[in-house]
Amino acid sequence: MRGYLAVMRGSFMVSVVYRFGFLFTILGNIIYLSVAFFLWKSIYRSSDTIRGLTFNETFIYVGLGSAIFILLKTYVDWILNFEIREGAIASYLIKPIDFGLYTLFASFGSLLMNLAAITIPTLIMLIFVFKVEFVLGPGLIIFPLSLFMAFLVSFYIDYFVGLLGFHSESVWGLSTVKEIIVTVFSGALIPLHFFPEALQKVLLWLPFQAIYHTPLMMITRPDQSWNIFLPMLFVQIFWVVILFIATRLFYNQAIKVLRISGG
Amino acid sequence: MSLIHVKDLSKHFKILNRREGLGGAFRDLFSGDFRTVEAVAGISFDIDAGEIVGYIGPNGAGKSTTIKMMTGILKPSGGLIEINGLVPYENRIRQAQIMGVVFGQRTQLWWDLPVIESFKILKEIYKVDQKTFDEHMDMFNELVGLKELYSQQVRTLSLGQRMLCDITASFLHNPQIVFLDEPTIGLDISVKAKMRTIIKELNRTRNTTIILTTHDLGDVEALCNRIIIIDKGKILYDGDIKKVNALFGAYRTLKLQIDQFNETTLQTLNDKLTEKFGTDHGITISENEESWTDVTIDQARTPLSEVLNHLMTNFTVMDVRIVEISMENVVRKVYDGALT
Ligand SMILES: Nc1ncnc2c1ncn2[C@@H]1O[C@H](COP(=O)(O)OP(=O)(O)OP(=O)(O)O)[C@@H](O)[C@H]1O
Ligand SMILES: [Mg+2]
């Protein structure tokens, strides 16, 4: 455990080295928030609720959504692919650590950095600049946990695609397809409420909605009851367990065909 | 029982025959045109605790592939490896704790972090206690003086500095075995000397078993008691360094740049040498790069000075260099039966 925590710390420090990039991300986020604010304000001019959501709720979804989008992007598939091709993966495999956990804790490092540099500032801006109101309720309490589960689902999907790189030299095509699927089916691009009813039903059976839709539901309508939120959380946990087991099994198989480049 | 037991080990890679150009790359997507490379073709050896073994051979011989298999990160195609009675590939995490590895061309340190941070992370990963860690760092500081580098980012280190840090890292957890794949590649004489000092010292004080690949025969002479020569995935020689040392020592190559070099020059050279030293002169002649001719001399049979003299009087030699025998030539000699 000590080792994994040290890895997390190291990865956090690496993110700090690149903190300059964050300044631009934050700046971009401010611009995005302002544009979204005025856009949705004008859409809401004609009615108070659209598809059952008030302006306040929609703006939380959209505003916090972009911050969470950045937070939940792990880039693990791209990183693994790069490391496989360079042969750098050898330097992890020669260490007495579990590869999956190692990768996970390295991702935690950048997750922490993203939280500190993007998610929390966005929250503060939403509350103090855009005067968004968060209703106290069960959703607010369960939100952090749900967000963490969402991160794990996102991580394991990326990790799975990354492991495909053990088989073939380049997975960038697959990564791109995955990126599109996740962005659309998780509700990151358009809230799932705006999808046709039939499609919504299908999407609820897929893991993608657990990434984005679920935590955002909790934070936009926190006043709903535990009876609604707890099953949603369980679905997330279900997907984390399934994906965890699937990637484990897949790793055991994929490591057999991994060729370590270089030498 | 020996520490490392390798029996009939083999590894082959199936590789796609790639076609040229953009169109070729497209057609490759659907190609079933594979060929098999036998990187390691059935090798066996045993290594005991405390040995320093030089694992040498020309480029593409299969050295790195063997090391990857011994460290448990590459699955063998056939045969067996046991370290302490366990198969590294199946017990990767457990075996990693007792091994240190340096791949000369790449670092295991965190590229973007200061050097000391990598050491601290490794300390945690290998569960090294503070006291051992401090002692280790002191010892390395004494041997090679790394302290000034601690606060520097790894990616800003020079190649030699980085390599010394990597070596330090690989010994940090006091492993039983250290694999060094070309640890002296691209290093200058003084850093090479430091490197050799560390390796010798750790082998002496901690009885660490060391397996070393290198293209520098100087490393082998300075460090190893035993060498294994491999070429095309097969072992050509495994045994005492002394026999091979004689081989390295006895042979010298004269590199000559001869005026008006043409197709017949090599033949004329050979004729002139045979004329003077008889048929059993132990000299091989080959054309090297443009206009340079290699004359490799077995000093046990013919003195180098006499060959040089003779050549200088018979040919217009514009430039001369004397070099120690190269790895390729050692292998050629071994093929020719120099060790049997
Ligand atoms: N991943 C791979 N895919 C296909 N062929 C490979 C792969 N890795 C190694 N080979 C082939 O296996 C052979 C042995 O390679 P290896 O890296 O073990 O050589 P080496 O002895 O370390 O050489 P060098 O001294 O140049 O480092 C080479 O012919 C190489 O092309
Ligand atoms: Mg090599």
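Residues numbered from 1 in each chain as written. Chains lettered and ligands numbered in written order. Predicted model: local features only at pLDDT ≥ 70, side-chain atom pairs only at ≥ 80, totals over all residues. Heavy atoms only, no water.

What to know about the sheet that holds strand 12 (residues 292-298) of chain B
Residues and elements named next belong to chain B.
Line of reasoning, step 1. One open sheet accounts for four strands, arranged 11-12-10-13; its pairing is antiparallel. The open sheet is flanked by strand 11 (283-287) and strand 13 (317-324), the only strands paired with a single partner. With strand direction ignored, the average angle separating the axes of adjacent strands in the sheet is 20 degrees.
Line of reasoning, step 2. As paired strands, strand 10 (residues 251-258) and strand 12 are joined by seven bridges and run antiparallel to one another. Bridge pairing links Leu-254 to Val-295 in strand 12. (Pairing = 2+ DSSP bridges. Helix = DSSP H or I, 4+ residues; strand = E, 2+ residues; numbered from the N terminus. Axes fitted to C-alpha atoms, helices over the stretch in contact; angles between N-to-C directions.)

A few points about the site of ligand 1
Line of reasoning, step 1. Close to ligand 1 lie 15 residues, the nearest being Gly-263 of chain A together with Lys-63, Ser-64, Thr-65 and His-215 of chain B.
Line of reasoning, step 2. Taken together, the residues near ligand 1 originate from chains A and B.
Line of reasoning, step 3. At a separation of 2.7 Å, an oxygen atom of ligand 1 approaches a polar side-chain atom of Lys-63 of chain B.
Line of reasoning, step 4. Separating an oxygen atom of ligand 1 from a side-chain N or O atom of His-215 of chain B is a distance of 2.7 Å.
Line of reasoning, step 5. Protein chains shield 75% of the accessible area of ligand 1, which is 640 Å² for the free molecule. (Near = heavy atom within 4 Å. Polar contact = N/O pair within 3.5 Å; in protein donor to acceptor, adjacent residues only side chain to side chain. Areas by Shrake-Rupley, 256 points an atom, 1.4 Å probe, with all protein chains shown as cover.)

Re the nonpolar core
Line of reasoning, step 1. Counting residues in hydrophobic clusters, the biggest one holds 160 residues, and the most contacted among them are Phe-166 of chain A together with Ile-4 and Phe-179 of chain B.
Line of reasoning, step 2. Apart from the residues lying within four places of it in its own chain, the contact partners of Phe-166 of chain A are Ile-84, Ile-89, Phe-99, Tyr-251, Ala-254, Ile-255, Val-257 and Leu-258 of chain A.
Line of reasoning, step 3. Judged by nonpolar contacts, the second largest core, of 14 residues, contains Ile-283, Val-295, Val-307 and Phe-315 of chain B. (Core = buried A, V, L, I, M, F, W, Y, C linked by side-chain atoms within 4.5 Å. Buried < 20%, exposed > 50% of the residue type's maximum accessible area, 1.4 Å probe, protein only. Contact = heavy atoms within 4.5 Å.)

Let's talk about the layout of surface pockets
Line of reasoning, step 1. The volume enclosed by the largest pocket comes to roughly 1400 Å³.
Line of reasoning, step 2. Together, 40 residues line the largest pocket, and Val-14, Ile-79, Glu-83 and Tyr-92 of chain A together with Asp-112 of chain B are the ones closest to its centre. (1 Å grid on protein atoms, 1.4 Å probe; cavity = no way out; pocket = protein on both sides within 12 Å on 5 of 7 lines; lining within 4 Å. Points joined across faces, edges and corners; volume = space filled by probe spheres on them.)

With respect to the confidence of the model for chain B
Line of reasoning, step 1. When pLDDT is averaged along chain B, the result is 88, and 98% of the positions lie at 70 or above.
Line of reasoning, step 2. Here the prediction assigns the complex a pTM of 0.86, and the interface score ipTM is 0.87. (pLDDT = per-residue confidence, 0-100.)

Looking at the pattern of salt bridges
Line of reasoning, step 1. Using the criterion set out here, one finds 22 salt bridges over all chains in the structure.
Line of reasoning, step 2. Across the pair Asp-77 of chain A and Lys-178 of chain A runs a salt bridge, and its minimum N-O distance is 2.8 Å. You can see Asp-77 of chain A sitting in helix 4 (residues 76-86) and its partner Lys-178 of chain A sitting in helix 8 (residues 172-185), a full 101 residues away along the chain. Both residues of the pair, Asp-77 of chain A and Lys-178 of chain A, count as buried.
Line of reasoning, step 3. Note that Lys-131 of chain B is salt-bridged to Glu-135 of chain B, the shortest N-O span being 3.4 Å. Linking Lys-131 of chain B with Glu-135 of chain B, this pair stays in helix 5 (residues 130-144), spanning four residues, or about one helical turn.
Line of reasoning, step 4. The exposure class assigned to Lys-131 of chain B is exposed, which follows from its relative accessible area of 60%. (Salt bridge = Lys/Arg side-chain N within 4 Å of Asp/Glu carboxyl O.)

Remarks on the packing of aromatic side chains
Residue and element names in this part refer to chain A.
Line of reasoning, step 1. A complete count under the given rule lists 29 aromatic pairs over all chains for this structure.
Line of reasoning, step 2. Between Phe-37 and Phe-130 the ring centres are 5.2 Å apart and the planes differ by 45 degrees, which places this aromatic pair in the tilted class. With Phe-37 in helix 2 (residues 19-43) and Phe-130 in the loop between helix 6 (99-128) and helix 7 (138-164), the pair connects residues that are 93 residues apart, well separated along the chain. Residues Phe-37 and Phe-130 agree in their burial class; the two are buried.
Line of reasoning, step 3. Plain terms: the ring middles of Phe-69 and Tyr-212 are 6.0 Å apart, the flat faces sit at 85 degrees to each other, and that makes the pair edge-to-face. Here Phe-69 is found in helix 3 (residues 55-72), whereas its partner Tyr-212 is found in the loop between helix 9 (197-203) and helix 10 (213-220), with 143 residues between them in sequence. (Phe/Tyr/Trp six-rings, centres within 6.5 Å; stacked < 30°, edge-to-face > 60°.)

Some words on the packing of helix 4 (residues 115-125) of chain B against helix 6 (residues 159-171) of chain B
When two helices pack together, their arrangement is given by the angle between the helix axes and by the axis-to-axis distance.
Residues and elements named next belong to chain B.
Line of reasoning, step 1. One can describe the packing of helix 4 onto helix 6 by two numbers: an axis separation of 10 Å at closest approach and a directional angle of 15 degrees. Here helix 4 is positioned roughly parallel relative to helix 6, judged by the angle of their axes. As helix 4 runs across helix 6, the sense of the crossing is right-handed. On helix 6, the residues touching Val-115, Phe-119 and Leu-122 of helix 4 are Cys-165, Thr-168 and Ala-169. (Parallel < 35°, antiparallel > 145°, perpendicular 65-115°, else oblique. Left-handed = near helix turned anticlockwise from the far one by under 90°.)

A look at helix 7 of chain A
Turn by turn, an α-helix covers 3.6 residues, leaving residues three or four places apart pointing in a common direction.
All names here are of chain A.
Line of reasoning, step 1. For helix 7, with 27 residues, the first-to-last C-alpha span of 39 Å sits near the 39 Å given by 1.5 Å per residue.
Line of reasoning, step 2. Of all the bends in helix 7, the largest measures some 35 degrees and sits at Pro-144.
Line of reasoning, step 3. Among the 27 residues of helix 7, 20 are classified as buried, and the element is accordingly described as predominantly covered. (Expected span 1.5 Å × (residues − 1). Bend = angle between axes of the 7 residues up to and from the residue.)

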